Protein chains: 2
Amino acid sequence: VGSPKPGHAHVLAEDETLERIRRTLGGGIGAPRLTDDAAVVAVPDGGPVIVSVDSVVEGVHVDLAVCSASDVGWKALMGALSDLAAMGARPLGALVALCVPESAGTGTMTLEVMEGAAEAARAAGCPVVGGDVSSGAVLVASVTVLGTADGGAPVLRSGARAGDVVLVTGPCGASAAGLRLLRAGSTSAVAAGTGAAYRRPVARLSQGVLARQAGAHAMIDVSDGLALDLHRLADASGIGFVLHSVPVADGATEDEALGGGEDYELVLTMGESEVENFGQRCVEAGAPRPLPIGVVQADPAVRLLRDGELPRLGWQHRLG
Amino acid sequence: VGSPKPGHAHVLAEDETLERIRRTLGGGIGAPRLTDDAAVVAVPDGGPVIVSVDSVVEGVHVDLAVCSASDVGWKALMGALSDLAAMGARPLGALVALCVPESAGTGTMTLEVMEGAAEAARAAGCPVVGGDVSSGAVLVASVTVLGTADGGAPVLRSGARAGDVVLVTGPCGASAAGLRLLRAGSTSAVAAGTGAAYRRPVARLSQGVLARQAGAHAMIDVSDGLALDLHRLADASGIGFVLHSVPVADGATEDEALGGGEDYELVLTMGESEVENFGQRCVEAGAPRPLPIGVVQADPAVRLLRDGELPRLGWQHRLG
């Protein structure tokens, strides 16, 4: 756990490289917003648009031995939508840019990926409004999504306050467990369930909107691992945390829950007085009640799981 | 001319595959807009956002033997911006998704591509608001741009009317000529000039906005070749055309002007009475006066250059 897992996991640039990119892009054209899950773009005569891009690369994020081309389309679309969920936004539309290997069946693969993307789009109520197809050495699906907070303020990573409750919308680790069991050739019921979590993850869009409406102070999606993503939220907010529990999905290990990523559960913080209301609204919306897992600490150096330090487990892409 | 030119030219899916993708995506989630250069997304309480995605793939659209990594970033950003120009929109923001080969200097290449994208963004007044970096077998830069028509109606491909004048914002073929001369190792002044057109093309954003304001009926950018892109505009509008001239860039051939692509000039049609006003506004804005090159015909079967049929020259990507 903690080492890169080729074939698995959502990938962003390594945090350090991202910081250098931020500096590269920062000169002279206004402050680019590369610090949250999605960017906020002002629109004349209208509310801002919340926008994010996410790529799935064959051999890096997906293993085509255990995943179909249409799964790749689904995963790419849901990965991008999860960034909107983490801002408390609902989707307005998606664009799908594909790079498909030049080989027999290129047109077939293109259509299969697009079908998977269309299925995810229907499931999430997000129209696919545009796209682009090129050839290339490996399959790459880059999805851009546009969303809105309907006049509300998007929830950032940076708003957590000391004393906040840390919540997660559900148990983690199912996607990593699914990949492990699929690769091992397991045909058990657990493999089927976790395999679906790996191949067809679902962005927590309604919980994201409900968290914003319930006054969440900070939020992030678990794309790279519960531990790493919570550390990122803490870094952005300048706070620490003590976790008292780690909800582990059926069939997964605690290491997979902490470091597996791609579960797309949301981690958020809010005042203790709002937690019951938020939980109730989730249940009324047909979603599971979010789980309290810890408390935000004023000291940013405090990053504890039970009695020990919480390592920055999770997917960090090798760059540089 | 007319055959695919690996290493050169902007690429979209082959028109036929795009039609099949449209059908795949069309089921049940509203009518996706995959028929114009960019898509139009409605935003609550605001004007629509115009959005497009464009990818540059190493070995398919760019030849890294004659093009630096920062050129790739520039080209990807300008290619996407050109789609906004073709709708008469101005840019609000861009997202850059990179896939960078896993090899020595991955971090360096990432920063170089991002630097080129940032330079193009500054030149066009378009902030880079987000991005994503992954590893992969070849360099892929996918850029999504968001824009606005400031309350005006975006100019589509489909509005051309019989009797309209066909205009192009400048001579074509410089990019194709530049690639040819760079590959031949030429160090002439012509190679330097056309090489810059290949490596650092510029989207005609101001001319696009002025064309919309001047009442252009239909518009498209010359990304895949003057001939092919004009045929596409004619297909979408259900009209024909007679071209009386082909403006050829210095150092280029007429075949390169017709079939080279990636010049990012705009081809548009408007009523004859608007042409002088549009030309004057371009000159006042410091842009060259657009060149009348033909007349729109009511019969969609008429597709003539001077006395002969205009072939569908231009880049068509091999798919399927």
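The structure this text deals with has already been given above.
Parameters and conventions
- Residues numbered from 1 in each chain as written.
- Chains lettered and ligands numbered in written order.
- Predicted model: local features only at pLDDT ≥ 70, side-chain atom pairs only at ≥ 80, totals over all residues.
- Heavy atoms only, no water.
- Pairing = 2+ DSSP bridges.
- Helix = DSSP H or I, 4+ residues; strand = E, 2+ residues; numbered from the N terminus.
- Contact = heavy atoms within 4.5 Å.
- Axes fitted to C-alpha atoms, helices over the stretch in contact; angles between N-to-C directions.
- Buried < 20%, exposed > 50% of the residue type's maximum accessible area, 1.4 Å probe, protein only.
- 1 Å grid on protein atoms, 1.4 Å probe; cavity = no way out; pocket = protein on both sides within 12 Å on 5 of 7 lines; lining within 4 Å.
- Points joined across faces, edges and corners; volume = space filled by probe spheres on them.
- Nonpolar A, V, L, I, M, F, W, Y, C, P; charged D, E, K, R; others polar.
- Arc of directions from axis to C-beta.
- Polar contact = N/O pair within 3.5 Å; in protein donor to acceptor, adjacent residues only side chain to side chain.
- Salt bridge = Lys/Arg side-chain N within 4 Å of Asp/Glu carboxyl O.

Caption draft 1: Quick look at the sheet that holds strand E7 (residues 218-221) of chain A. All names here are of chain A. Taken in spatial order, the seven strands line up as E7-E9-E6-E10-E8-E11-E12 in an open sheet, and their pairing is mixed. Both edges of this open sheet fall to E7 and strand E12 (308-309), since each of them pairs with a single strand only. Across the face of the sheet, helix H9 (residues 272-284) comes into contact with strand E6 (165-168) and strand E9 (266-270) while running at roughly 135° to E9.

Caption draft 2: How the structure looks around helix H6 (residues 205-213) of chain A. All names here are of chain A. Counting buried residues along H6, seven of its nine residues qualify, which places the element largely inside the surrounding structure. Inspection of H6 places Leu-205, Gln-207, Gly-208, Val-209, Leu-210, Ala-211 and Arg-212 among the buried residues, and these make up the whole buried set. Looking one or two residues past H6, Gly-215 carries a phi angle of roughly 90°, positive in sign.

Caption draft 3: Structural detail: the environment of Gly-260 of chain B. Mapped onto the elements, Gly-260 of chain B comes out in the loop between helix H8 (254-259) and strand E9 (266-270). Each C-alpha atom of the pair Gly-260 of chain B and Leu-228 of chain B lies 9.8 Å from the other, and the pair is 32 residues apart in sequence.

Caption draft 4: Geometry of the pairing of E6 of chain A. Residue and element names in this part refer to chain A. A two-sided burial pattern is seen for E6, the buried positions comprising Val-165 and Leu-167 on one face and Val-166 and Val-168 on the other. Alignment of E6 against E9, held across four bridges, turns out to be antiparallel. Each bridged residue has a counterpart across the sheet, and for Val-165 the counterpart in E9 is Met-270. Summarising the sheet, E6 and strand E10 (residues 291-297) pair through four bridges and their orientation is antiparallel. In the strand pairing of E10, Val-168 is matched with Leu-291.

Caption draft 5: Focus on the sheet that holds strand E1 (residues 39-43) of chain A. All names here are of chain A. Pairing is mixed in the open sheet, where five strands are placed in the order E1-E2-E5-E3-E4. In the strand order of this sheet, the two ends are held by E1 and strand E4 (128-136), each with one partner. Strand-to-strand twist in this sheet, taken as the mean axis angle between neighbours without regard to direction, amounts to 20°. Sheet strands touched by helix H2 (residues 69-85): strand E2 (46-57), strand E3 (90-101), E4 and strand E5 (140-148). Its angle to E2, the strand with the most contacts, is close to 140°.

Caption draft 6: Here's a closer look at unusual backbone geometry. The backbone phi angle of Asp-150 of chain A is positive, close to 50°, even though this residue is not glycine. Relative to the elements of secondary structure, Asp-150 of chain A occurs in the loop between E5 and E6. Of note in this structure, Tyr-264 of chain B is not a glycine but carries a positive phi near 65°. Mapping Tyr-264 of chain B onto the fold places it in the loop between H8 and E9.

Caption draft 7: Seen up close, empty space enclosed by the protein. All names here are of chain A. Summed over all chains, the structure comprises two cavities of 30 Å³ or more. When its volume is computed, the largest cavity comes out at roughly 40 Å³. Around the largest cavity, the lining residues are Gly-47, Pro-48, Ile-50, Thr-148, Ala-149, Asp-150, Gly-151, Gly-152 and Pro-154. When residues in the lining of the largest cavity are grouped by element, the largest group, three residues, is from E2. Taken together, the residues of the lining of the largest cavity sort by class into four nonpolar, four polar and one charged.

Caption draft 8: Expanded view of H9 of chain A. Residue and element names in this part refer to chain A. Of the positions making up H9, those classed as buried are Val-275, Phe-278, Gly-279 and Cys-282. Axial view of H9: buried residues confined to an arc of 100°, hence all on one face. Away from its buried face, by an angle of more than 90 degrees, H9 presents the exposed residues Ser-273, Glu-276 and Glu-284. The inward-facing, buried residues of H9 contact E6, H6 and E9. One or two residues past the end of H9 sits Gly-286, with phi positive at roughly 85°.

Caption draft 9: Main features of the side chain of Ser-52 of chain B. Residue and element names in this part refer to chain B. For Ser-52, the location among the structural elements is in strand E2 (residues 46-57). What makes Ser-52 buried here is its relative accessible area of 3%. Of note is the side chain of Ser-52, whose polar atom sits 2.9 Å from the side chain of Asp-83.

Caption draft 10: Structural view of the pattern of salt bridges. All names here are of chain A. Applying the stated criterion to the full structure yields 27 salt bridges over all chains. The partner of Asp-150 in a salt bridge is Arg-90, and the shortest N-O contact between them spans 2.6 Å. Of this pair, Asp-150 sits in the loop between E5 and E6 while Arg-90 sits in strand E3, and the two are 60 residues apart along the sequence. Look at Arg-90 and you get partly exposed, because its relative accessible area is 34%. Among the salt bridges present, the one from Arg-232 reaches Asp-224, with a minimum N-O distance of 2.7 Å.

Note that all results are geometric; they support no functional claim without further evidence.
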